[in-house]
Structures are given as structure tokens and as C-alpha cells.
Amino acid sequence: MSLKQILPILAGFLFLVACSGNNDRPIKESVSAFMNDNESIIAFGSLNYNQILNKAEYKKIDKLGSLIEERLSDALNPESPIYFAMEGPFDRNGNPKSTYVFLDVQNKDTLEDRLASSGLFIEEAGEMKYSVNDDLSVGIKGNLAIVVIKNEDYDGKLALEAAFNKTKGEISGGKMDELLSKNNDIALNANLENLYGTSNTSLSKLSKPKQKELTEMVKDSYLHATLNFEKGKMVFKTENLFSAALQKRMFFKDDANASVLSNLGKGKARIGIAASIDMKKAESFIDDFAADFKEKMINSDTKSALAVMLLGDGPLNKVFSGIAGLVLVGEPQMMGFVPELNFTVGIGKEGKPLFELWAASKSGGRFIYKITDKNLIGSSPNAGAGMSSLVIPSCGKDFGKKGISGFINFEGLDVESFYLPGAYKSIYVVKNITFKVDNKGSELVINSTNPNQNILKQIIDLNTQDLKDMMGNMAI
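These notes cover the structure that comes with them.

Cut-offs used in this document
- Residues numbered from 1 in each chain as written.
- Predicted model: local features only at pLDDT ≥ 70, side-chain atom pairs only at ≥ 80, totals over all residues.
- Heavy atoms only, no water.
- Helix = DSSP H or I, 4+ residues; strand = E, 2+ residues; numbered from the N terminus.
- Buried < 20%, exposed > 50% of the residue type's maximum accessible area, 1.4 Å probe, protein only.
- Contact = heavy atoms within 4.5 Å.
- Areas by Shrake-Rupley, 256 points an atom, 1.4 Å probe, with all protein chains shown as cover.
- Phe/Tyr/Trp six-rings, centres within 6.5 Å; stacked < 30°, edge-to-face > 60°.
- Lys NZ or Arg CZ within 6 Å of the ring centre and 35° of its normal.
- Salt bridge = Lys/Arg side-chain N within 4 Å of Asp/Glu carboxyl O.
- Core = buried A, V, L, I, M, F, W, Y, C linked by side-chain atoms within 4.5 Å.
- Pairing = 2+ DSSP bridges.

**Concerning the overall build of the protein chain**
At step 1: In terms of helices and strands, the protein chain carries 17 helices and 19 strands.
At step 2: For the protein chain, buried positions account for 44% of its 476 residues.
At step 3: Intrachain contacts of the protein chain at a sequence separation of at least 6 include 70% that bridge at least 24 residues.
At step 4: Surface summary for the protein chain: the accessible area is close to 25000 Å², and the carbon and sulfur share equals 54%.

**With respect to the side chain of T344**
At step 1: By the element assignment, T344 lies in strand β13 (residues 340-347).
At step 2: Residue classification places T344 among the buried residues on the basis of a relative accessible area of 3%.
At step 3: With sequence-adjacent residues up to four places away left out, T344 is seen in contact with V260, N263, L264, I323, A324, G325, N375, L376 and I377.

**Let's talk about helix α2 (residues 27-35)**
At step 1: Burial within α2 is extensive, with 7 of its 9 residues counted as buried.
At step 2: Turning to α2, its buried residues are I27, S30, V31, S32, A33, F34 and M35.
At step 3: Of the surrounding elements, those touching the buried residues of α2 are β1 (41-47), β2 (82-87), β3 (98-103), β7 (144-150), α6 (156-166) and α7 (174-181).
At step 4: D37 lies just past α2 and shows a positive phi near 60°.

**Description of unusual backbone geometry**
At step 1: Across the junction of G88 and P89, the peptide omega takes the value 5°, indicating a cis bond.
At step 2: With respect to the helices, strands and loops of the structure, P89 is situated in the loop between β2 and β3.
At step 3: Backbone geometry at D134 places phi at a positive 55°, although glycine is not the residue there.
At step 4: Within the secondary structure layout, D134 lies in the loop between β5 (128-133) and β6 (136-141).

**A look at the packing of aromatic side chains**
At step 1: Tallied over the entire structure, the rule returns 11 aromatic pairs.
At step 2: Between F251 and F252, the aromatic rings sit 5.3 Å apart at their centres with planes inclined by 55°, giving tilted as the arrangement.
At step 3: For F251, a relative accessible area of 22% translates into the label partly exposed.
At step 4: By way of ring pairs, the aromatic residues F251, F252, F285 and F289 are connected into one cluster.
At step 5: If you follow K150 out to its NZ or CZ, it ends over the ring of Y154, 5.9 Å from the centre.

**Comments concerning the environment of K248**
At step 1: As for its placement among the helices and strands, K248 is situated in helix α10 (residues 244-248).
At step 2: Judged by relative accessible area, which is 66%, K248 ranks as exposed.
At step 3: C-alpha separation for the pair K248 and M217, spaced 31 residues apart in sequence, amounts to 9.5 Å.

**What about the environment of G322?**
At step 1: On the secondary structure map, G322 appears in strand β12 (residues 320-329).
At step 2: Overall, G322 belongs to the buried group, its relative accessible area being 10%.
At step 3: Separated by 44 residues in the primary sequence, G322 and D278 have C-alpha atoms spaced 6.0 Å apart.
At step 4: Here G322 is in contact with A275, S276, I277 and M279, once residues within four sequence places are set aside.

**Observations concerning the side chain of S137**
At step 1: Along the chain, S137 falls in strand β6.
At step 2: Aside from chain neighbours lying at most four places away, what touches S137 is S131, V132, I146, V147, V148, Y154, G156 and L160.

**Observations regarding the pattern of salt bridges**
At step 1: Evaluation of the coordinates by the stated rule reveals 18 salt bridges.
At step 2: Residues D254 and K402 are paired through a salt bridge, measuring 3.7 Å at the closest nitrogen-oxygen approach. Within this pair, whereas D254 is found in the loop between α10 and β11 (267-276), its partner K402 is found in the loop between β16 (390-391) and β17 (404-409), the two being separated by 148 residues in sequence.
At step 3: By relative accessible area, which is 53% here, D254 ends up exposed.
At step 4: When the shortest N-O distance is used, the salt bridge between K402 and D438 registers 3.5 Å. Of this pair, K402 sits in the loop between β16 and β17 while D438 sits in strand β18 (residues 430-438), and the two are 36 residues apart along the sequence.
At step 5: When salt bridges with common partners are traced through the structure, they connect K237, K397, D398, K436 and E443 into a single cluster.

**Notes on the nonpolar core**
At step 1: Within the largest apolar cluster, 38 residues are counted, with the highest numbers of intra-cluster contacts made by V101, L103, V147, F229, M234, I446 and I455.
At step 2: For this core, the element with the highest residue contribution is helix α16 (residues 455-462), accounting for 4 residues.
At step 3: I455 has contacts with F229, E230, G232, K233, M234, I446 and S448, leaving out every residue within four places of it along the chain.
At step 4: Core analysis: the next-biggest nonpolar cluster, separate from the first, contains 26 residues, F34, M35, M128 and Y154 among them.

**Focus on the pairing of β18**
At step 1: By the bridge criterion, 6 bridges tie β17 to β18 in an arrangement that is antiparallel. Counted as the bridge partner of S405 is K436 from β18.
At step 2: Adjacent in sequence and paired antiparallel, β18 and strand β19 (residues 441-448) are bridged by 2 residues.

**A short note on the pairing of strand β8 (residues 186-191)**
At step 1: Looking at chain direction, β1 and β8 are connected through 5 bridges and run antiparallel. Paired with A43 across the two strands is A190, which belongs to β8.
At step 2: Two strands pair when backbone bridges link them, and β8 and strand β9 (residues 222-230) are joined in this way by 6 bridges, in the antiparallel orientation. Paired with I186 across the bridge in β9 is L227.

Written out as C-alpha cells, the structure reads:
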């Protein structure tokens, strides 16, 4: 079952829940116990539905607000998020082998009535009430409800019983419990140790010493990702909670002077992306753990492959300096807009001849190239016409200063004149987008046009009519 199929089912499940009372065991402890010593758990997290609904000011949404309030009033513990855990490996479509959702619901009789009234057949096995519907199974036992989704044929009753049994053991402790305790609108945590242990990728073809090194690096290592809706902005962050060995292999560099800007031509920048990478460390990492990728990249062009072969060991470090950037300049228009670009790629100590060979093969094309000892500088013919310098918007204050950085600036544009379809209307409330990545993690911020109102509320207001139409077509 794909994510697109899962989300509507879970949303419908939440609407059906009605309950009251207190949990015998805090749901966070149940989830922690479920994951304890489970080497198949590759990702886990939480969704704070009540916090998100309040930020959206859902009670003010015509029709839908009253329905949500009716269905969720005293239904779930508002202090408890919805938790989830995924088992690996991922399939080719990016779906986990199994997904588990944990809900703090506390009146199983009322919940059973709700599920039965929705057309689900309720069965009983000891203390557990459950329903199995294709690849989705729902179980209620005591004060806990669990949803199981598997991308294979399976016995739903047995899967639910096994899941409930795992929630009774000892909690995980350590980083897992720390991550479960964090308060965010949405949180997703990847367990790199288990992700590697369950993967079916080319990493399994590494030599025994390299597999051992990689195993040690990812031990007790996590990637912590959060999404929060705030006043005037939406913030997506990742935090690298890596082992010392893995952190040492990270290859992004800070550049406080944003040196890439000096080679990005002129014009008023609307979009920009830049990179600052320690090529020696990056190539070492690729050689150790992604040699096949490097080989395919080099051999994609015969002439370049022959030239690189002459450079000997560490060719990427010799060809590229690790500094690169691109900006789109000018003012987009509805009809006939052709992006004007400025870009640069830093040249390594022995890379100039290779870049000259490449530029010669592109002569007569759309871009104009200039090659110095340290940089390839390119631009489209009219980039920055009428301008004497490069103008970076205020949202791009960190542009070029991090390992990867960038921005998209909508300020001053009449975005509504583009008449985007309904699915893309939310872009109307976006002022700009910024992102940056370094060795500690990453941050992507979507700033809205109204800094004093939660961005989720702004999106809801923009789509109110569509929500009304949706409710009008629902059989409630």
C-alpha cells in the first residue's frame, strides 16, 4: 500500500475514534518497548495532530471544523501524538516492508462501535478486538490501538498480537527515547544502523573490511527530521545524530566569505544554489562506499573518462575545487520567459585542460564560457542585462556560506497571475524559500507573506472554498 493510499485511511480512522479515560501505560513507553532490540525498525516518529489542528484554527473552518470537533472531542489524549514505526527494507517504490501506527485511544467499546458502523467486520481474540481489511489491520487491546500495514500477504491477527506483545517489554532508552520525547508537529527519525542492516543495495558488495567499517560508523547513528508550522513560516530541519566515526567523514565546508559570489556574474537573482565541499574527503568517502557510482559518473563521457584516467588517483579532487554555484536572474513572465543563468564551477589544481576540452565541445551553444586557472564561469547571453552587479535578495543572506545553500524569492512577483491549478495554489502565500546544509544537518524554511499569522492558517484560508466543496461532496 502506497503512502497516498495510507494517509486517507488513517485520516478516516481518526475521525472514527471516540473515547475517554487514561492509559494504563503511557503510549510513548509502549512505542519505545515495541522498538526495543527490533533491528528491523528503520524509521519512527510522531505526528502531533492536535497541535497541528489548533495552528490551523480548524474550529473556524466552515462545516469541516464542526465535524472534526465532533469526532475528536475527548476522543484522543490531546497531550499524546500519534506515533509510527516502519520496518525495512524499502521496496523499489520506496515503501517500507511494514508500517505500525500507535494511537492513544481509551474506550475500546466506543471505538469498536465506530469501526463497525463504518462497515468493518470486528472480530475478537482473547482481550483483543480487531479488524482485517486487505493489507491493513486494526487492533484494540486494553487502552491501545495499533494499525498494521504490510506490503505482502500476511495474517493480520497474528501480526497485531505480535505487535501488542512487543509493547509490553522494556523501553529502549538512549537516543530512541530522547527522540520520541521531542515535541514537534511532525517528526521522522531514521535509524541508520538498522537501515544499513536491512538494505538490499550495492553496499552488501563492499569488501569485508569496508562493511565492518561502515557497520561501526552507523552504529547508534540517527537522522532526526522535523516539520513545524510557525507564525509566518514552515520550518523543515534535519539533525545528524551520528557516531564520531561517521561525523568525521562528513565533507561539507563552511565559507564565511561566500567566495562563490565573485564568479556569478550580474543581475537580480530570483533563484540560487551553491555548494562548498571538501573534495578530498568527498572522494575518499565515494571511493570507500560508492565506487560503482564514481565509475559510472566518469565513464558517462568517453573523452572525459580518458582524460580522468591520466590524472591517476583522486581524479575528482584534482579536477574540481568543490566550489560551485548557479543563479537564475531576471523577471519571470507568464508568456515567453526564458531563464537567464549565471553559473560557476571551481577548478582543481589539474583540472583546467579537462574543462577547456569540455568547453570546446560546447562552443556555439546557448551559453558563453570563460575559463581561468581556478574557475569555469558561464552565463546565458542576456543574463544581467542592464545591471552592473549581482543582487542577492535579503532571504539569501547565507547563500554560498554553507556546504549547500540556496533560495527561491517570490517577493514582488504577481504569482496569482500565473493562474496555477488548485493543487499548487498554496504558493500564493509564499514569500520566499531558503535552505542550507552543513555537517550538522539541514534547514529548509518557507516564509509566508503574513509574518504575524501561522502559515498553516494562511494556507487553510486560501483553500477554504475547496474545503467547503470537498465537504459538500462527502457522505457524512
